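Structural overview
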Amino acid sequence: MADEVILLDFWASMFGMRTRIALAEKRVKYDHREEDLWNKSSLLLEMNPVNKKIPVLIHNGKPVCESLIQIEYIDETWPDNNPLLPSDPYKRADAKFWADFIDKKVNVTARRIWAVKGEEQEAAKELIEILKTLESELGDKKYFGDEAFGYVDIALIGFYSWFGVYEKFGNVSIESECSKLVAWAKRCLERESVAKALPESEKVITFISERRKKLGLE
Amino acid sequence: MTEKEESVKLLGFWASPFSRRVEMALKLKGVPYEYLEEDLPNKTPLLLELNPLHKKVPVLVHNDKILLESHLILEYIDQIWKKNPILPQDPYEKAMARFWAKFIDEQILTLGFRSLVKAEKGREVAIEETREMLMFLEKEVTGKDFFGGKTIGFLDMIAGSMIPFCLARLWEGMGIDMIPGEKFPELNRWIKTLEEVEAVRGCIPPRDKQIERMTKIAETIRSA
């Protein structure tokens, strides 16, 4: 039976990047469809009626929503190449804890840097604290998953393509505050799955500059 | 595999749906555990030591391992103690259970608690928005005894601890009939079925005490 895999996505979404990376790591062939978030397709609205958000992974007609849930689904459905999550229950819980931490803290804080007037400095400071916590969790490991690139790395790496945005509008240097984390990100970018999934930093900065103008923040 | 000296401790709080659901799972699987009640908001040094990042209950300590976040604890429990499995085997069904679990703890909780209490767009609008979200769950449980199918599962524990045994007490205190029988026949049927499960019965916070507590919290939110 031929698998039909469709990914409804948006090029700049750090969440969509996660799923792109996971599918690439597993060498799964899929139909990548770019959504216009300001003019959502009827397929998106049908496949994710609850949140109407991307990414949506559609496997043989059945939708899986939420990027972290998608990574786990991909890992369980295509178990043969590159395991993305540890099999040990405790290590697995630990990996999911950190991915959950990333989801609860990073975007919520980072967004305030560019999308809300007057909160840039405070939000930038908070973001650095959060990234420092992650940096300390990484320690001297090659990846968050230790020797193997995995779930937590995938959960975080997409944000690297947005670091330029946070630095520009938050007036902060993530490179100097969290040099070990930046080194980790560059190691991840050596992987083809990551290099192909992440957009150029300049492109994201241009996109957000436009968004800010439209939101009346410039 | 030899039976080692197993030690299971759970740090919880009587009114927390997050720790109550972990108790349900431990009871369902017949896992002996030591329960340590936190006197919130006075957090014990033990809690702060075990969960320095979030400082929250529940915390499960299994031998020397510290487990945090209720969803993750439930999944861990299911993987370690195989009796009465609570997560489906099929990856798609599992993904759906995880999706709805996140939906309940994020969207239902936000709309049905904070947004409702603040009711910036007006109380009726807040009630309708909450009901709209609850309708998704109504559909999900239609034609099934439990969200988990024929037996109680992960999603039942999350939905049960959060909706009938927590949020519903807030709604009652506010004089709101959020899930009337005629609009939500399936959810109401599910609640009755759930209340019959032995592992659940011992994990329901006392009604009046909780209504009082939820009402107090609501007042704090309103005046903030």
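For every chain, the first residue of the written sequence is number 1, and numbering continues from 1 along that sequence. Working convention: letters from A go to chains and numbers from 1 go to ligands, in the order in which they are written. Two thresholds apply to this predicted model, a pLDDT of at least 70 for residue-level local features and 80 or more for giving and counting side-chain atom pairs, whereas whole-chain, interface and lining totals are computed over all residues. By convention in this description, side-chain values take in all heavy atoms of the structure and omit both hydrogens and water.

Here's the deal with the UniProt feature "domain: GST N-terminal" (unreviewed entry) in chain B
- Under the UniProt annotation, the feature "domain: GST N-terminal" (unreviewed entry) is placed at residues 6–85 of chain B.
- Secondary structure content for residues 6–85 of chain B is 36% helix and 21% strand, while the C-alpha to C-alpha distance between its ends is 20 Å. UniProt positions are given in the numbering used here, feature names are shortened, and annotations may be inferred rather than shown by experiment. Put simply, DSSP marks the helices as runs of H or I at least four residues long and the strands as runs of E at least two long, and each gets a number from the N terminus on.

Considering the packing of aromatic side chains
- Pairing of aromatic side chains here covers Phe, Tyr and the six-membered ring of Trp, requires ring centres within 6.5 Å, and sorts the geometry by plane angle: under 30 degrees stacked, over 60 edge-to-face, intermediate tilted. What the rule picks out here adds up to 21 aromatic pairs over all chains.
- The interplanar angle of 55 degrees and the centroid separation of 5.6 Å between the aromatic rings of A:Phe10 and A:Phe207 together place this pair among those described as tilted. Of the two residues, A:Phe10 is situated in the loop between β1 (5–9) and α1 (14–25) and A:Phe207 in helix α11 (residues 201–214); the sequence distance between them amounts to 197 residues.
- Three or more aromatic residues joined by ring pairs make a cluster, and in this case those are A:Trp114, A:Tyr160, A:Trp162, A:Phe163 and A:Tyr166.
- Ring-over charges, as used throughout, are those where CZ of Arg or NZ of Lys falls within 6 Å of the ring centre and within 35 degrees of the ring normal. Across the ring face of A:Trp11, the terminal group of A:Lys203 is positioned such that the distance to the ring centre comes to 4.4 Å.
- Lying over the aromatic face of A:Tyr90, B:Lys65 brings its terminal NZ or CZ to 6.0 Å of the ring centre.

Looking at the nonpolar core
- Residues enter a nonpolar core if they are buried and are Ala, Val, Leu, Ile, Met, Phe, Trp, Tyr or Cys, with the set joined through side-chain atoms within 4.5 Å. For every residue, the accessible area obtained with a 1.4 Å probe (protein chains only) is divided by the maximum for its type, and the residue is called buried under 20%, exposed over 50%, and partly exposed between those limits. A:Leu134, A:Trp162, A:Tyr166, A:Trp184, B:Leu60, B:Ile104 and B:Leu137 are the most contacted members of the largest nonpolar core, which totals 159 residues.
- Element by element, the count of residues in this core is highest for helix α4 (residues 91–118) of chain B, at 14 residues.
- Either an automatic procedure or a domain database provided the assignment from which the domain bounds are taken. Three or more residues apiece are contributed to this core by two domains, here domain 1 (5–77) and domain 2 (89–215) of chain A.
- It only takes one pair of heavy atoms within 4.5 Å for two residues to be counted as in contact. When near neighbours in sequence (up to four residues on either side) are disregarded, A:Trp162 contacts A:Ala12, A:Met14, A:Met17, A:Trp114, A:Val204 and A:Ile208.

Points about the sheet that holds strand β3 (residues 56–59) of chain A
Residues and elements named next belong to chain A.
- The pairing criterion for strands is at least two bridges between them, as found by DSSP. With mixed pairing, four strands are arranged side by side in an open sheet as β2-β1-β3-β4. With one partner strand each, in any of the chains shown, β2 (31–34) and β4 (62–65) form the two edges of the open sheet. Averaged over all pairs of adjacent strands, the angle between their axes in this sheet comes to 20 degrees, without regard to strand direction.
- Note that β3 and β4 share four bridges and pair antiparallel. Among the inter-strand pairings, isoleucine 58 is bridged to a residue of β4, identified as proline 63. Whenever a helix is involved, its axis is fitted only over the stretch in contact; in every case the axis is a line through C-alpha atoms, and angles between N-to-C directions fall within 0 to 180 degrees.

Side note on the packing of helix α6 (residues 154–173) of chain B against helix α7 (residues 185–195) of chain B
Residues and elements named next belong to chain B.
- Where α6 meets α7, the axes come as close as 11 Å, and the angle between the chain directions of the two elements is 105 degrees. In terms of their interaxial angle, α6 and α7 are classed as roughly perpendicular. Residue-level inspection shows Asp156, Ala159, Gly160, Pro164 and Phe165 of α6 in contact with α7, the latter providing Trp190, Ile191, Leu194 and Glu195.
- Under the scheme applied, nonpolar residues are Ala, Val, Leu, Ile, Met, Phe, Trp, Tyr, Cys and Pro; charged residues are Asp, Glu, Lys and Arg; polar residues are all the others, including Gly. Broken down by class, the residue content of the contact of α6 with α7 amounts to six nonpolar, one polar and two charged. In this scheme, roughly parallel covers angles under 35 degrees and roughly antiparallel covers those over 145, while 65 to 115 is roughly perpendicular and the rest are oblique.

Notes on the interface of chain A and chain B
- The partner chain B presents 24 residues to the 26 residues of chain A that form the contact.
- Buried surface area refers to the total accessible area, computed with a probe of radius 1.4 Å, that the two partners give up upon joining, counted for both partners together. Of the roughly 2200 Å² buried where chain A meets chain B, counting both sides, 69% is carbon and sulfur surface.
- Among the residues chain A hides against chain B, the three largest losses belong to A:Val50, A:Tyr90 and A:Phe97. Together they make up 27% of the total.
- A side-chain nitrogen of Lys or Arg and a carboxyl oxygen of Asp or Glu constitute a salt bridge if their distance falls within 4 Å. The interface formed by chain A and chain B includes six salt bridges.
- In the analysis that follows, any N or O atom pair within 3.5 Å is treated as a polar contact, provided that within protein one partner can donate a hydrogen and the other can accept it, and provided that, for residues neighboring in sequence, both atoms belong to side chains. Counting across the chain A and chain B interface gives six residue pairs in polar contact (both at pLDDT 80 or more).
- Looking at the side of chain A that touches chain B, the elements that each hand over two or more residues are β4, α3 (67–77) and α4 (89–115) of chain A.
- Top element by residues in the side of chain A that touches chain B is α4(A). It accounts for twelve residues.
- Taken together, the residues that form the side of chain A that touches chain B break down as 13 nonpolar, three polar and ten charged.

Examining the sheet that holds strand β1 (residues 8–12) of chain B
Residue and element names in this part refer to chain B.
- The four strands lie next to each other as β2-β1-β3-β4, forming an open sheet whose pairing is mixed. Bordering the open sheet on either side are β2 (34–37) and β4 (65–68), each of which pairs with just one other strand. Along the sheet, successive strands turn relative to each other by an average axial angle of 20 degrees, direction set aside.
- Summarising the sheet, strand β3 (residues 59–62) and β4 pair through four bridges and their orientation is antiparallel. Looking at β4, one finds that histidine 62 is bridged to lysine 65.

Re the packing of α4(A) against helix α3 (residues 70–80) of chain B
- One can describe the packing of α4(A) onto α3(B) by two numbers: an axis separation of 10 Å at closest approach and a directional angle of 165 degrees. The angle between α4(A) and α3(B) places the two elements in the roughly antiparallel class. When the axes of α4(A) and α3(B) are compared, the crossing they make is right-handed. Facing α4(A), whose interface residues are A:Pro89, A:Tyr90, A:Arg92, A:Ala93, A:Lys96 and A:Phe97, α3(B) presents B:Leu72, B:Glu75, B:Tyr76, B:Gln79 and B:Ile80.
- Along the lines of polarity and charge, the residues of the contact of α4(A) with α3(B) split into seven nonpolar, one polar and three charged. In a left-handed crossing the near helix is turned counterclockwise from the far helix by less than a right angle, and in a right-handed crossing that turn is clockwise.

Considerations on the domain arrangement of chain A
Residues and elements named next belong to chain A.
- Parsing chain A into structural domains produces domain 1 (5–77) and domain 2 (89–215).
- Once you take the C-alpha centre of each, domain 1 and domain 2 turn out to be 20 Å apart.
- Summed over both sides, the interface between domain 1 and domain 2 buries roughly 1900 Å², with carbon and sulfur atoms accounting for 67% of that surface.
- For domain 1, the biggest contributors to the area lost against domain 2 are Trp11, Met14 and Ile21; these three give 32% of the whole.
- Ionic pairing is found between arginine 92 and glutamate 72, a salt bridge with its closest N-O pair at 3.3 Å.
- Remark: the boundary between domain 1 and domain 2 carries eight residue pairs in polar contact (both at pLDDT 80 or more).

Notes on unusual backbone geometry
- For the bond running from B:Leu40 to B:Pro41, omega is 5 degrees, close enough to zero to count as cis.
- Summarising the element assignment, B:Pro41 is placed in the loop between β2 and α2 (45–50).
- The omega torsion across B:Val57 and B:Pro58 is 0 degrees, close enough to zero to call that bond cis.
- For B:Pro58, the position within the fold is in the loop between α2 and β3.
- A positive phi angle, near 50 degrees, is found at A:Asn171, a position not held by glycine.
- For A:Asn171, the position within the fold is in the loop between α7 (163–170) and α8 (174–177).

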